[in-house]
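Residue-level listing of the chains:
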Amino acid sequence: MSNKKFEILTRETLFQGYFRVDRFKLRHERFEGGWSDAFTREVFDRGGRAAAVLPYDPKTDKLVLIEQFRSGVMAAGEYPWITEVVAGIIDGNEAPEDTARREAMEEAGCQISELQKIANYFSSPGCLTETITLFAGRTTAPENGQLHGVSHEQEDIRVIVLDAAQAISLLYGNKIRDALTLIALQWFAMHHTELRSRWLVSDVGTPII
């Protein structure tokens, strides 16, 4: 691991709206020694921190995903309704766990009783400030096809309830187009058996199969 220095020479805000775009002029120490030349990078600030959760019902062995319109996918020229996990921006000093529970209820009608942390990572470190804390969340799966979302945020979200095997087949069949959902389903595919067994342990410690 490196322990190198960098220097910000200038910082200019190019756009300030719901999101912000800054242009940095900077330089940093090089692996071979010395310093790089000064160079510029634009950085997109979309609010800093986000939390996401993959709701899972161990009793029925079902996962809860959502489907919604995404303008970034539209702008890329592809079909803009995509299948995702629940996610949202962390409000102020809200804990990531609280955000995950709030968003699960708002977007999927899921009450989360237990959380398993999967990862904390930068969504696109070359140009975004955003970090995501990702969880699996224990829930009771709602009815498939329910509609949710916060109306004043223009959210129009459809709930997709799938058997665990069906959801994993979407992953292996290259049907998932969102990186966050890929990470969540890859983790779930590796930990499915252990997670279900642990979440189904009864009060006396006997697994319920």
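Refer to the structure above for everything that follows.
What you are looking at is a predicted structure, and each value in this text was computed from that prediction instead of being measured. (Residues numbered from 1 in each chain as written. Predicted model: local features only at pLDDT ≥ 70, side-chain atom pairs only at ≥ 80, totals over all residues. Heavy atoms only, no water.)

## Examining the nonpolar core
Note the threshold: Nonpolar cores were defined as sets of buried Ala, Val, Leu, Ile, Met, Phe, Trp, Tyr and Cys residues, with membership established by side-chain atoms within 4.5 Å. Think of it in three bands: with a 1.4 Å probe and only protein chains considered, a residue is buried below 20% of the maximum accessible area for its type, exposed above 50%, and partly exposed in between. Secondary structure elements follow DSSP: runs of H or I of four or more residues count as helices, runs of E of two or more count as strands, with numbering from the N terminus. For this analysis, residues touch if any pair of their heavy atoms sits within 4.5 Å.
Among the nonpolar cores identified, the biggest contains 26 residues, and Leu54, Leu63, Val85, Leu180, Leu185, Phe188 and Leu195 are the most heavily contacted of them. Of all the elements in the fold, those that place two or more residues in this core are β4 (49-57), β5 (62-69), β8 (114-122), β9 (131-138), β11 (157-163), α3 (164-172) and α4 (179-199). Element by element, the count of residues in this core is highest for α4, at seven residues. Not counting chain neighbours up to four residues away, the residues in contact with phenylalanine 188 comprise Leu54, Tyr56, Leu63, Ala164, Ile168 and Leu195. Val53, Ala108, Cys110 and Val161 belong to the second largest nonpolar core, which has 13 residues in total.

## Digging into the pattern of salt bridges
Applicable threshold: By convention in these notes, a salt bridge is any Lys or Arg side-chain nitrogen within 4 Å of a carboxyl oxygen on Asp or Glu.
The tally for this structure, following the rule as stated, stands at 18 salt bridges. A salt bridge links arginine 70 to glutamate 84; the shortest N-O distance between them is 2.9 Å. Here arginine 70, found in the loop between β5 and α1 (71-75), pairs with glutamate 84, found in strand β6 (residues 81-84); they are 14 residues apart in sequence, far enough to count as distant. Classification of arginine 70 by relative accessible area gives partly exposed; the value is 32%. Taking relative accessible area as the criterion, glutamate 84 reaches 5% and is therefore assigned buried. A single network of salt bridges, built from pairs that share partners, joins Asp91, Glu94, Arg102, Glu103 and Glu106.

## Structural notes on the sheet that holds strand β1 (residues 6-16)
Test applied: Strands were regarded as paired on the criterion that DSSP finds at least two bridges between them. Comment: axis = line fitted to C-alpha atoms, over the contacting stretch for helices; angle = value between 0 and 180 degrees taken between N-to-C directions.
Strands sit in the order β1-β2-β3 across an open sheet of three strands; the sheet is antiparallel. Every interior strand has two partners, whereas the edge strands, β1 and β3 (39-45), have only one. On average, each strand axis in the sheet is tilted by 25 degrees relative to the strand beside it, whichever way the strands run. With seven bridges joining them, strand β2 (residues 20-28) and β3 adopt antiparallel strand pairing.

## So, the side chain of threonine 181
Looking at the secondary structure, you find threonine 181 in helix α4. Once you skip the residues sitting within four places of it in the chain, threonine 181 turns out to touch Leu65, Thr83, Glu84, Val85 and Ile176.

## Points about the layout of surface pockets
Formally: Here the term cavity refers to a set of points on a 1 Å grid, laid over the protein atoms alone, in which a 1.4 Å probe fits but cannot get out; the term pocket refers to an open set having protein on both sides within 12 Å along at least five of seven lines, with lining residues being those that place an atom within 4 Å of a point. Grid points are joined across faces, edges and corners, and a volume is the space filled by probe spheres set on the points. Residues are sorted three ways: Asp, Glu, Lys and Arg are charged, Ala, Val, Leu, Ile, Met, Phe, Trp, Tyr, Cys and Pro are nonpolar, and all the rest, Gly among them, are polar.
Counted as a void, the largest pocket has a volume near 1,400 Å³. Within the residue set of the lining of the largest pocket, elements represented by two or more residues are β4, β5, α1, β6, β7 (86-89), α2 (96-108) and α4. Class assignment for the residues of the lining of the largest pocket results in 20 nonpolar, seven polar and 14 charged. What the second largest pocket holds in volume is close to 210 Å³. In terms of lining residues, the second largest pocket is bounded by Phe6, Ile8, Phe24, Leu26, His28, Phe39, Arg41 and Val43. The residue makeup of the lining of the second largest pocket, split by class, is six nonpolar, one polar and one charged.

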